[in-house]
Amino acid sequence: MRRSSSGWFSDFGCFITKADDVTSARQYAKDLLGKFHSVPVYQKTDTCPFCGSRCLRIMPEHAEQLMPGVTSKFFAKVLKFTPAYCEDCGCGFSSPGVHPRYSAFLFDRHYKLPTGSDMLALPNYRYLAAAVRRYCTAEDLIVEIGCADGTLLQLLKLQGFNQLLGFDPNAPEDGGSIELKKAFFTPDTQLAARPQAFIFNSTLEVLPDLKAQLQHISELLPPGGCLFVSNPRPSTCHLMQQWRFTLKSLERLARSFGFCIIDSNIRDEADLEKELVYCVTLQKSAKYQPFFSQSLIEAEFAHTLRDCAQNDSDSKWAQELNRLLQQCKAGGECRPEIYCYGSGNFAFRLLSTVPNLNDFEIVFLNSDPQSEGKYTVLPTGEAVPVHYYLNEIKDRFVNLIIIAVQDPAFKSQIVKALIEANCRTKAVFMV
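Residues numbered from 1 in each chain as written. Predicted model: local features only at pLDDT ≥ 70, side-chain atom pairs only at ≥ 80, totals over all residues. Heavy atoms only, no water.

### Some details on a nonpolar patch on the surface
Together, Val415, Ile419 and Met430 give the surface a local cluster of nonpolar side chains, amounting to about 270 Å² of exposed area. Residue placement: isoleucine 419 occurs in helix H12 (residues 408-420). (Patch = residues over 30% accessible without salt bridge, like charges linked within 9 Å, V, L, I, M, F, W, Y side chains within 5 Å. Areas by Shrake-Rupley, 256 points an atom, 1.4 Å probe, with all protein chains shown as cover. Salt bridge = Lys/Arg side-chain N within 4 Å of Asp/Glu carboxyl O. Helix = DSSP H or I, 4+ residues; strand = E, 2+ residues; numbered from the N terminus.)

As structure tokens, then:
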């Protein structure tokens with residue numbers, strides 16, 4: 001008989017655990033509460049978790065949000081970690097890193113992925129939709145792992161694809177005409193029909209059981225089946241992401257699990273500068289053929305190490321941001337209000353370059369009405385509330401607005417939102 005025990009997290013409610021006996025259940029509940037009293041458990045490693053190599057390039061220590069973007073006050077914390085990259089397989093990871101057991105819990109309950117129709121303007125959505133059209137037929141079963149609210153699947157539905165399935169623990173209860181399963185896709189998940197393709201849209205890098213997952217997917221796909229992947233530039237991954245994929249590691253991943261890369265948005269060194277997201281199409285194949293040239297792989301790996309080692313405080317944009325802030329302070333206000341539109345990794349990076357951050361009242365804005373009442377964290381470690389932008393700046397005149405996003409599509413959406421809100425400002429800062 002399975003026994004259960006329960007506990008209480010002050011900021012987000014109760015939990016229930018299950019075990020073989022009541023003693024084990026109580027101990028697990030006590031253990032879980034103890035570990036979340038401050039920060040999640042860490043695991044350290046001196047070997048690459050993908051290939052086992054000890055040939056690692058250790059980067060300077062970073063400070064970052066535990067949970068990027070909006071979250072509960074409990075998880076609005078700053079953690080320090082050291083990125084590392086394997087010279088043999090090219091994979092990057094964080095040391096120490098959040099234990100996979102707890103990262104799964106956090107993603108399940110407390111990490112809100114960006115959603116909505118505006119996401120379709122992003123380059124990774126455009127690439128993935130075009131790649132699916134190119135390599136799949138309308139009747140193929142296409143499975144998206146980490147589908148959020150099903151935005152990408154809805155786009156594919158409009159383009160004529162009929163067999164669509166999504167997995168996400170935060171999926172809505174009603175996916176409309178698309179089947180969305182409110183669950184993780186695990187190495188044990190079985191499907192009623194054989195899929196022709198899987199999609200990982202900025203989700204492959206969060207898998208704690210990456211190798212088991214890819215082996216399972218490789219076994220499910222037929223010869224010629226596809227794996228469509230987008231993932232962040234490896235120097236910009238946040239702490240909750242288990243993996244940082246360089247081009248070298250993507251080739252290694254393909255070869256290890258019976259795939260070949262057949263297409264990508266990265267074609268030459270110029271793309272390394274302009275693309276914030278790497279997109280690749282992998283096809284199930286009995287014979288491996290490399291896609292990226294060795295010179296491009298080496299250039300990208302060096303580019304990643306350089307970016308990861310860079311001190312943001314030395315950048316030109318950091319100097320400009322601090323100049324604008326000092327102008328606001330010179331206006332005579334004791335603690336001038338500064339509005340930061342965006343609350344994710346890039347906002348944290350921007351504000352980390354401000355040496356006198358406590359001299360300003362930072363007000364975080366978000367385009368999602370549900371963000372009201374949630375929190376993010378300043379580089380100082382202070383948890384601060386996030387506000388729906390119309391509740392704060394509609395018909396107002398403000399000192400300075402920091403547009404804290406990098407993608408051009410998001411920037412244009414924010415500028416449009418500010419204009420429609422009739423928000424006037426002395427200055428706007430964006431990179």
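Having seen the model, we can carry on.
### Section: unusual backbone geometry
Most peptide bonds adopt trans geometry, and most residues besides glycine take a negative phi value. Positive phi values are uncommon outside glycine, yet alanine 148 reaches one of about 55°. Relative to the helices and strands, alanine 148 is located in the loop between strand E9 (141-145) and helix H4 (151-158). Judged by relative accessible area, alanine 148 falls into the buried class, the value being 11%. The backbone of asparagine 422 sits at a positive phi, close to 55°, despite the residue not being glycine. (Buried < 20%, exposed > 50% of the residue type's maximum accessible area, 1.4 Å probe, protein only.)

### Regarding the pairing of strand E16 (residues 277-284)
The buried fraction of E16 is high, at six of eight residues. As paired elements, strand E13 (residues 226-232) and E16 share seven bridges and run antiparallel to each other. Each bridged residue has a counterpart across the sheet, and for valine 229 the counterpart in E16 is valine 280. Bridge analysis of strand E15 (residues 259-264) against E16 gives five bridges, and the strand direction is antiparallel. Considered in E16, the bridge of aspartate 263 is made with threonine 281. (Pairing = 2+ DSSP bridges.)

### Digging into the pattern of salt bridges
Between side chains of opposite charge, a pair can form when the charged atoms approach closely. For the structure shown, the criterion picks out 13 salt bridges. In this structure, glutamate 179 engages lysine 181 in a salt bridge whose closest nitrogen and oxygen atoms are separated by 3.1 Å. Given the relative accessible area of 33%, lysine 181 is considered partly exposed.

### A short note on the pairing of E13
Of all seven residues that make up E13, seven are buried, and the element is covered over most of its length. Burial of E13 is two-sided: the residues Cys226, Phe228, Ser230 and Pro232 facing one way and the residues Leu227, Val229 and Asn231 facing the other way are all buried. Across five bridges, the pairing between strand E12 (residues 197-201) and E13 is parallel. Across the sheet, residue asparagine 201 finds its bridge partner in E13, namely serine 230.

### Brief notes about the packing of aromatic side chains
For the coordinates displayed, the defined rule picks out eight aromatic pairs. Judged by centre distance (6.5 Å) and plane angle (65°), the rings of phenylalanine 50 and phenylalanine 257 are edge-to-face. With phenylalanine 50 in the loop between strand E3 (42-43) and strand E4 (56-58) and phenylalanine 257 in the loop between helix H6 (247-256) and E15, this pair connects stretches of sequence that are 207 residues apart. Exposure class is identical for phenylalanine 50 and phenylalanine 257. Each is buried. Taking the centre distance of 6.2 Å and the plane angle of 55° together, the rings of tryptophan 317 and phenylalanine 346 count as tilted. Linking tryptophan 317 in helix H9 (residues 316-329) with phenylalanine 346 in helix H10 (residues 345-352), this pair joins segments that are 29 residues apart in sequence. With respect to burial, tryptophan 317 and phenylalanine 346 carry one shared label: buried. Through a chain of ring-to-ring contacts, three or more aromatic side chains come together here, namely Phe50, Trp243 and Phe257. (Phe/Tyr/Trp six-rings, centres within 6.5 Å; stacked < 30°, edge-to-face > 60°.)

### Some words on the sheet that holds strand E11 (residues 179-181)
If you walk across this open sheet you meet the seven strands as E11-E10-E9-E12-E13-E16-E15, and the pairing is mixed. The strands lining the two open edges of the sheet, one partner per strand, are E11 and E15. Strand after strand, the sheet turns through a mean of 20° between neighbouring axes, direction not considered. Where helix H5 (residues 210-220) meets the sheet, it contacts E9, E12, E13, E15 and E16, and its direction lies at approximately 150° from that of E12. Where H6 meets the sheet, its contacts fall on E13, E15 and E16, and the angle it forms with E15 comes to roughly 140°. (Axes fitted to C-alpha atoms, helices over the stretch in contact; angles between N-to-C directions. Contact = heavy atoms within 4.5 Å.)

### So, the sheet that holds strand E22 (residues 424-429)
Across the sheet, six strands lie side by side as E19-E20-E18-E17-E21-E22; this open sheet has mixed pairing. The strands lining the two open edges of the sheet, one partner per strand, are strand E19 (375-377) and E22. Strand-to-strand twist of the sheet, defined as the mean angle between neighbouring strand axes without regard to direction, takes the value 35°. Relative to strand E20 (residues 383-388), strand E18 (residues 361-366) runs parallel, the two sharing three bridges. Residue pairing for E20: phenylalanine 364 is matched across the bridge by valine 386. Contacting strand E17 (337-341), E18, E19, strand E21 (397-403) and E22, H10 crosses the sheet at an angle of about 160° to E18. Where H12 meets the sheet, it contacts E17 and E21, and its direction lies at approximately 170° from that of E21.

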